[in-house]
Amino acid sequence: MRFAFAVIMLVSVLISVQTSSANENVKIIPDVVYGHKFGMALTFDVFQPPKEPNGAGILFMVSGGWYSRWTDPNNMLDMFKPLLEEGFTVFSVRHGSSPKFLIPEVVKDVRRSVRFIRLHSKDYVVSPNQLGVWGGSAGGHLSLVLGTTSDEGSPKEKDVVLRSSDRVAAVVAYYPPTDLREFVNEKSPYYHRFPALQFNTDLADDFSPVLHVTQDDPPTLLIHGDQDKLVPISHSKKIMKQFKEQKVKAELLIIKDAAHGFQGEDKIRASQAVVKWFKLHLLK
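Rules and cut-offs
Residues numbered from 1 in each chain as written. Predicted model: local features only at pLDDT ≥ 70, side-chain atom pairs only at ≥ 80, totals over all residues. Heavy atoms only, no water. 1 Å grid on protein atoms, 1.4 Å probe; cavity = no way out; pocket = protein on both sides within 12 Å on 5 of 7 lines; lining within 4 Å. Points joined across faces, edges and corners; volume = space filled by probe spheres on them. Helix = DSSP H or I, 4+ residues; strand = E, 2+ residues; numbered from the N terminus. Nonpolar A, V, L, I, M, F, W, Y, C, P; charged D, E, K, R; others polar. Phe/Tyr/Trp six-rings, centres within 6.5 Å; stacked < 30°, edge-to-face > 60°. Buried < 20%, exposed > 50% of the residue type's maximum accessible area, 1.4 Å probe, protein only. Lys NZ or Arg CZ within 6 Å of the ring centre and 35° of its normal. UniProt positions renumbered as here; feature names shortened; annotations may be inferred. Axes fitted to C-alpha atoms, helices over the stretch in contact; angles between N-to-C directions. Left-handed = near helix turned anticlockwise from the far one by under 90°. Contact = heavy atoms within 4.5 Å. Salt bridge = Lys/Arg side-chain N within 4 Å of Asp/Glu carboxyl O. pLDDT = per-residue confidence, 0-100. Pairing = 2+ DSSP bridges. Right-handed = clockwise from strand over helix to strand, strands pointing away.

1. Some points on the layout of surface pockets
Item 1. Size it by volume and the second largest pocket reaches roughly 170 Å³.
Item 2. Considering the residues around the second largest pocket, the lining is formed by Gly-35, His-36, Lys-37, Leu-42, Glu-105, Lys-108, Asp-109, Arg-112 and Leu-162.
Item 3. Elements supplying a minimum of two residues to the lining of the second largest pocket: strand 2 (25-37) and helix 2 (103-119).
Item 4. Among the elements that line the lining of the second largest pocket, the one with the most residues is helix 2, at four residues.
Item 5. Of the residues belonging to the lining of the second largest pocket, the class tally is two nonpolar, two polar and five charged.

2. Observations concerning unusual backbone geometry
Item 1. Cis geometry marks the peptide bond from Ser-98 to Pro-99, where omega comes out at 5°.
Item 2. With respect to the secondary-structure elements, Pro-99 resides in the loop between strand 5 (89-94) and helix 2.
Item 3. Positioned with a positive phi, Tyr-175 is a non-glycine residue whose angle comes to about 30°.
Item 4. Residue Lys-247 is not a glycine yet carries a positive backbone phi of 60°.

3. Here we look at the packing of aromatic side chains
Item 1. Tallying each qualifying case throughout the model produces 17 aromatic pairs.
Item 2. Between the aromatic rings of Phe-199 and Phe-207, the centroid separation amounts to 5.9 Å while the plane-to-plane angle is 85°, which identifies the pairing as edge-to-face.
Item 3. Take Phe-199: its relative accessible area is 7%, and that puts it in the buried class.
Item 4. These aromatic residues form a ring-pair network of at least three members: Phe-47, Phe-60, Phe-80, Trp-134, Tyr-174, Tyr-175 and Phe-262.
Item 5. For Lys-37, the ring lying beneath its charged end belongs to Phe-101, and the centroid distance is 4.0 Å.
Item 6. For Lys-100, the ring lying beneath its charged end belongs to Phe-101, and the centroid distance is 5.9 Å.

4. So, empty space enclosed by the protein
With a probe scaled to a water molecule rolled over the atoms, the places where space remains empty come into view.
Item 1. Estimated volume of the largest cavity: approximately 30 Å³.
Item 2. Lining the largest cavity, in full, are Asp-45, Val-62, Arg-69, Thr-71, Asp-72, Pro-73, Met-76, Ser-92 and Arg-94.
Item 3. Along the lines of polarity and charge, the residues of the lining of the largest cavity split into three nonpolar, two polar and four charged.

5. What to know about the UniProt feature "domain: BD-FAE-like" (unreviewed entry) in the protein
Item 1. Mapped onto the present numbering, the UniProt feature "domain: BD-FAE-like" (unreviewed entry) falls on residues 45-241.
Item 2. Structurally, residues 45-241 is divided into 25% helix and 17% strand, and its ends, taken at the C-alpha atoms, are 35 Å apart.

6. Observations concerning the packing of helix 2 against helix 3 (residues 138-148)
Item 1. Between helix 2 and helix 3, whose axes approach to 10 Å, the crossing angle comes to 65°. Helix 3 is crossed by helix 2, and the crossing has right-handed handedness. Taking contact as the criterion, the partners of Ile-103, Val-106, Val-107, Val-110, Arg-111 and Val-114 in helix 2 are, on helix 3, His-141, Leu-142, Val-145 and Leu-146.
Item 2. For the contact of helix 2 with helix 3, the class distribution of residues is eight nonpolar, one polar and one charged.

7. Some remarks on the pattern of salt bridges
Item 1. On inspection of all chains with the given rule, the structure shows ten salt bridges.
Item 2. Its salt-bridge partner being Asp-31, residue Arg-94 comes within 3.1 Å of it at the nearest N-O pair. A residue pair is termed long-range when its members are at least 10 positions apart, and Arg-94 in strand 5 and Asp-31 in strand 2 qualify at 63 residues.
Item 3. A salt bridge links Asp-151 to Arg-115; the nearest nitrogen and oxygen atoms lie 2.9 Å apart. Remark: Arg-115 occurs in helix 2 and Asp-151 occurs in the loop between helix 3 and strand 7 (170-174); sequence separation between them is 36 residues.
Item 4. Residue classification places Asp-151 among the partly exposed positions, given a relative accessible area of 29%.

8. A closer look at the side chain of Arg-111
Item 1. Looking at where Arg-111 falls in the secondary structure, it is placed in helix 2.
Item 2. Overall, the relative accessible area of 15% leaves Arg-111 in the buried class.
Item 3. When residues no more than four places from it in sequence are discounted, the contact partners of Arg-111 are Val-145, Leu-146, Thr-149, Ser-150 and Asp-166.

9. A word on the confidence of the model for the protein
Item 1. Averaged over all residues, the pLDDT of the protein is 92; the fraction at 70 or higher stands at 92%.
Item 2. Counting contacts from residues 1-23, a segment whose pLDDT is below 50, to residues more than four positions away or on other chains yields 71 contacts.

10. Notes on the pairing of strand 8 (residues 220-225)
Item 1. In terms of burial, strand 8 is largely enclosed, as six of its six residues are buried.
Item 2. Residues Thr-220, Leu-222 and His-224 of strand 8 are buried on one face, and the alternating residues Leu-221, Ile-223 and Gly-225, pointing to the opposite face, are buried as well.
Item 3. Pairing between strand 8 and strand 9 (residues 250-255): six bridges, direction parallel. Residue Thr-220 lies in a different strand from strand 9, and its bridge partner there is Ala-250.
Item 4. Regarding the hand of the β-α-β motif, the stretch spanning strand 8, helix 5 (residues 234-245) and strand 9 is right-handed.

This is the structure we're talking about:
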């Protein structure tokens, strides 16, 4: 079983598609290249709202078990529709995927995606100071890594992208792993089920968001089912405790009887919470 949630512009063709509830067009810019590695392109899709953009952008981490796959962007519309209808611009970000790439390399990719989008924010009609990040499971983990360990970029870098900050202004994470120390161990069943975890155990602390919470972290919403057997709710509770101690604006929404991967009414409730959180913390 895998985790449930599953640029220089080389492509600038705009695809118009119909939302399921209205005749307004959502514009999609597919396969924007934000970097390269091993001769391959790192890409994201841009979903522009059918009405006037509200100036905020949401990066969605396409990651389940730290696997990141391409899919027709039209298939993502239902997930993004509630945000698009509120005027948010959504970026569906893909990273170098497991099993080829491990978590340290994956994190490097998603950091770059934030830097790239900030650098080119005017092109997408978003404010560089109104960027949020959202993901589920492994994508939730990556969202929290960005929220708790971001930086301002390095002005000495030759690559102009790396001079930009990877800070985000708000975070939402569904059922996220927050402490990898218990996973990055050959005795752990997770270690063998998810190859991205097979990196140097000495680096586990670096990629465990629960260890990096500080007062300047962005407002963060955690959403977790109390019957999650894959990523126990203890992961969200532990980092929530840290947020409270550091006086970070944070909430934990516990969905009763929900397992890993929300369905039906649970999915709707979580989606509504996502929209509410980003409206509250990005549209000031």
